[in-house]
Amino acid sequence: MNPLIEHLKNKRLIWQANQKKPCEMLNDNALTGYPELDQALQGGFPQQGVVDIDSPLGIGELRLLMPSLKARQNQTNKLLAFVATPMQINAEMLAEYGLTLEQVLVIEPSTADEALWSAEQCLKSGCCHSVLLWHKNLEIHQVKRLQLAAEKGNCIQFMFRQKHQISLSLPVPLAMKLNAKQQGVKVQITKRRGGWSADPFVVSMHTYWPELSRQHQPSNVISFPQSKVG
Amino acid sequence: MKPLWLYLHFPHLHLDTLFKNAGSKTEAEQPLVILHGKQNQIVQFNQAAANLGINSNMGLGTAAALSQELQVIPYQYELEEKKLQEIAEHLYLVTSDISFFSPNGLLLRIHNMLSLYGGLQAYWILLKKQLHYFNISYHYATGQSPFAARMFARTARDMITEDSQQLQKALLQCQLTDSELPEKTILTLRRVGIHQLSDLLALSLKDIAKRFDIDLVTYLGRLTGEFHHPMTYFHPKSTFHQYIELLYEISHTDTLIRPIHQLLNALEHFLKVRDLLTQKIVFKFIQRDTDPLELEVGSAQGEYQAKKWSALTQLRLENLSLEAPVYGINLTTGETSIRAPEKADLFSNSQGALSYLQLISLLQAKLGQSAVKQPMLIDDFRPEIANIFHTANQQSTFSASYLQALRPAFLLPSPQPLREKAAIVNGPERISTGWWDNQLITRDYFIAHTYQGQWLWLFKTTEGKWFVHGVFS
């Protein structure tokens, strides 16, 4: 390395894109639970802020978050809030995965504005560890507001949107795009603070949900030996 | 210990109550009188009215002739009484025995309080501070008997002393008309040459009893403190209840928040001095021509601060529509509880503004009680029944001891017929139950993977029909 650059770097006059804030460096306990994803995110989900997830419904997008949600719940005795879920959330599944139901809050606002309001209140209250929001039309200023609220309350927000609703890039620290895959989900990180978007990769869910992932089975069609072709 | 009494006389209680409510400068410039309707007599008036030459005992006609800008307010006995109650509640913080002389006087038994506060002067300074809160005019005097103190205060002696000679001297200086004797008795006394109270007190009670009726004897005995004067003392209420009448009618919910603030401040004061919290407050908006509208505001944690309550109330008001203009607001509290100190972790790096219960109250205030839920499970194989959502922050007795394997994250509101191709990945799992409560189901559940990559939870009925019941997310 050029000694001049080295000198400047030692004096902390150069900012490098892969540098993170000290608080973000400490997040070794924010691991997602999936080695592939942890590697791509260099450690795991951010401790606070908004995570934008673009995913069709029912491909395993919630399962992708479950290990980290459980880890966050175990660390604190704070709440996990579901805001405006697309369908009724099934408590059996949450309990089955080991979440404490007393620490789960389900909020069913009647309008989209109320959903945003509820999410913001939950985020900045400081008594939720994670807020999951399903929303259709988000605008940049709304996301900025949620981001500030999340920072204030030291809370993480996962925001689920569907493909056709996405038009512009939102000011979030992390944005992901999920696609269905037989073994699990295909993840493409479209935006990450202090990082570059990498090629899409597949997160296998076989360790957690063997029933809900289909391994690539070797094709059981055996070609008929050419020699015997009569 | 010699008995000592303190009497507080509020000459303009009605006027002062209205003044405090209005609180604007223009009121001071405009002549204002309180008129006793039945007697057609002015009972209270402000400085501007006094400058015009209006005095009490004038009729409305005379007063109106003196000024055309005169504002006349009908006298309300209840208003003064209510205010008196309020004052008594406030004074109760420093003194124990309070007795009412409605509508404008309070009698305090103070000799038993003096050793607590270290003397009469120190006690009086403290009491004055309490009275200062109300910003009303008052006269005061001590006396060796309730009637003596009352007489001194009503004649505006404004003296605080426990010296018995001085008090005796003051008693002898009084006129007969200062006392509360009926005019007829005073007239009879005049006829026999008794003009001063000192003349009357010079006579022995025995002699008076021979010539005059027993009422006069009783009065004199109580005045000098020879006779025992029974009193009923005030006991403070344990719940808050306050009513304010608005000076003008309000038909917008936005403008309602100002008078509500005033009520909430009074509530905060009430709760704070008692170190209480309340979990529910109830507003009653008195509307013109229609039934009163009730608004309940709840806080799961319990609050006393006006700021917190006003934020919650504002959220409720947003969803409230008034049918008719409001002219009065009534505020009552639900049950109160002793305030417990909040336990916050001093070392956690980020501290939120709210507690769990406060957050739930906030959400419920805006979205309604039923929109904020907590999931619960009960032991049942039927997924529709196993899931129970109850209103957040209710203690629930439900709990499931047994968890089923592999359930979807989302359940459809009701099973829908399967309309797409899907490959079965896992199953069947037969659920056949409910024969005891007439909701019999017999279903074979499967997990299926569609070609779009969705994971569905399907079931097949005994008739061989396929339904989607949930989505694995």
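About the criteria used
- Counting from 1, residues in each chain are numbered in the order their sequence is written.
- As they are written, the chains are lettered A onward and the ligands numbered 1 onward, keeping that order.
- Given that the model is predicted, a residue must reach a pLDDT of at least 70 before its local features are reported, and side-chain atom pairs must reach 80 or more before they are shown or counted; all residues, however, enter totals for whole chains, interfaces and linings.
- Excluded from the side-chain calculation are hydrogens and water; included are all heavy atoms of the structure.
- Between N-to-C directions, angles span 0 to 180 degrees; the directions come from axes that are lines fitted to C-alpha atoms, helices contributing only their stretch in contact.
- By the criteria applied, helices consist of DSSP H or I runs no shorter than four residues and strands consist of E runs no shorter than two, each listed in order from the N terminus.
- Under this scheme an angle from 65 to 115 degrees is roughly perpendicular, one under 35 degrees roughly parallel, and one over 145 degrees roughly antiparallel; angles in between are oblique.
- A contact between two residues is defined here by any heavy atoms of the two lying within 4.5 Å.
- Polar here means any residue outside two lists: the nonpolar Ala, Val, Leu, Ile, Met, Phe, Trp, Tyr, Cys and Pro, and the charged Asp, Glu, Lys and Arg; Gly therefore counts as polar.
- What pLDDT reports is the predictor's confidence in each residue, on a scale of 0 through 100.
- Buried area: the sum, over both parts, of the accessible surface (1.4 Å probe) that disappears when the two are put together.
- One speaks of a salt bridge when a side-chain nitrogen belonging to Lys or Arg is within 4 Å of a carboxyl oxygen belonging to Asp or Glu.
- For this analysis, a polar contact is any N or O atom pair within 3.5 Å, provided that within protein one partner can donate a hydrogen and the other can accept it, and provided that sequence-adjacent residues contribute only side-chain to side-chain pairs.
- Between any two strands, pairing holds if DSSP finds at least two bridges.
- Think of it in three bands: residues with accessible area under 20% of the maximum for their type are buried, residues over 50% are exposed, and the middle band is partly exposed, with areas taken using a 1.4 Å probe on protein chains only.
- Handedness of a crossing is defined here by the sense of rotation of the near helix relative to the far one, left-handed for an anticlockwise turn of less than a right angle and right-handed for a clockwise turn.
- Crossovers are marked right-handed if the path from the first strand over the helix to the second runs clockwise, as seen with the strands pointing away from the viewer.

A. Spatial organisation of the packing of helix α15 (residues 306-318) of chain B against helix α16 (residues 356-367) of chain B. All names here are of chain B. Where α15 meets α16, the axes come as close as 7 Å, and the angle between the chain directions of the two elements is 25°. With respect to their mutual orientation, α15 and α16 come out roughly parallel. Residues Lys 308, Leu 312, Leu 315, Arg 316 and Glu 318 of α15 pack against Gln 358, Ser 361, Leu 362, Ala 365 and Lys 366 of α16. Tallied by class, the residues present in the contact of α15 with α16 amount to four nonpolar, two polar and four charged.

B. Focus on the side chain of Ser 361 of chain B. In this structure, Ser 361 of chain B sits in helix α16. Ignoring sequence-local partners within four residues, the contact set of Ser 361 of chain B consists of Gly 298, Ser 299, Ala 300, Gln 301 and Leu 312 of chain B.

C. Spotlight on the confidence of the model for chain A. Of all residues in chain A, 87% attain a pLDDT of 70 or more, and the chain-wide mean is 83. Scored below 50 in pLDDT, residues 22-28 of chain A shows five contacts in the model against residues more than four places distant or in partner chains.

D. Broad picture of the interface of chain B and chain A. Of the residues lining the interface, 48 residues belong to chain B; the matching set on chain A comes to 48 residues. Together, the buried faces of chain B and chain A total about 4200 Å²; carbon and sulfur atoms form 64% of this surface. When the buried surface of chain B facing chain A is broken down by residue, Phe 410, Trp 455 and Ser 473 of chain B rank first, second and third, together holding 16% of it. The interface formed by chain B and chain A contains two salt bridges. Among the salt bridges present, the one from Glu 108 of chain A reaches Lys 373 of chain B, with a minimum N-O distance of 2.9 Å. The interface formed by chain B and chain A contains 15 residue pairs in polar contact (both at pLDDT 80 or more). Within the residue set of the side of chain B that touches chain A, elements represented by two or more residues are α16, β13 (372-377), α17 (383-386), β14 (387-391), β15 (410-417), β16 (422-433), β17 (441-450) and β19 (466-472) of chain B. At seven residues, the largest contribution of residues to the side of chain B that touches chain A is made by α16 of chain B. Of the residues that constitute the side of chain B that touches chain A, the class distribution is 32 nonpolar, 13 polar and three charged. Two strands pair when backbone bridges link them, and strand β3 (residues 88-89) of chain A and β15 of chain B are joined in this way by two bridges, in the antiparallel orientation. Following the sheet pairing, Ile 89 of chain A is matched in β15 of chain B by Phe 410 of chain B.

E. View of unusual backbone geometry. A positive phi angle is found at Asn 154 of chain A, which is not glycine, with a value near 50°. Topologically, Asn 154 of chain A is positioned in the loop between α7 (140-153) and β6 (156-161). Judged by its relative accessible area of 22%, Asn 154 of chain A falls in the partly exposed class. Positive phi values are uncommon outside glycine, yet Asp 158 of chain B reaches one of about 50°. Along the chain, the position of Asp 158 of chain B falls in the loop between α8 (146-154) and α9 (164-172).

F. Representation of the packing of helix α14 (residues 253-274) of chain B against α15 of chain B. All names here are of chain B. Two elements in contact, α14 and α15, have axes whose closest approach is 9 Å; the angle formed by their N-to-C orientations is 150°. Viewed along their axes, α14 and α15 adopt a mutual orientation that is roughly antiparallel. You can see that α14 and α15 cross each other, and the crossing is right-handed. Facing α14, whose interface residues are Thr 253, Ile 257, Ile 260, His 261, Leu 264, Asn 265, Leu 267 and Glu 268, α15 presents Ala 306, Lys 307, Trp 309, Ser 310, Thr 313, Gln 314 and Leu 317. Of the residues belonging to the contact of α14 with α15, the class tally is seven nonpolar, six polar and two charged.

G. Summary view of the pattern of salt bridges. Overall, the coordinates contain 16 salt bridges over all chains when judged by the stated rule. Here Arg 407 of chain B and Glu 92 of chain A are joined by a salt bridge, their closest N and O atoms 3.7 Å apart. One end of the pair, Arg 407 of chain B, is in the loop between β14 and β15; the other, Glu 92 of chain A, is in helix α5 (residues 91-97), on a second chain. Residue Glu 92 of chain A is classed as buried on the basis of its relative accessible area of 5%.

H. Region of interest: the pairing of β6 of chain A. Residue and element names in this part refer to chain A. Burial of β6 is extensive: six of the six residues sit out of reach of the surface. What you see with β6 is no split at all: Ile 156, Phe 158 and Phe 160 on one side and Gln 157, Met 159 and Arg 161 on the other are buried throughout. In the sheet, strand β1 (residues 49-54) pairs with β6 via six bridges, with the strands oriented parallel. Across the sheet, Ile 53 pairs through a bridge with Phe 160, a residue of β6. Where strand β5 (residues 128-134) lies against β6, five bridges are found, and the strand directions are parallel. What sits directly across from Leu 133, in β6, is Met 159. Regarding the hand of the β-α-β motif, the stretch spanning β5, α7 and β6 is right-handed.

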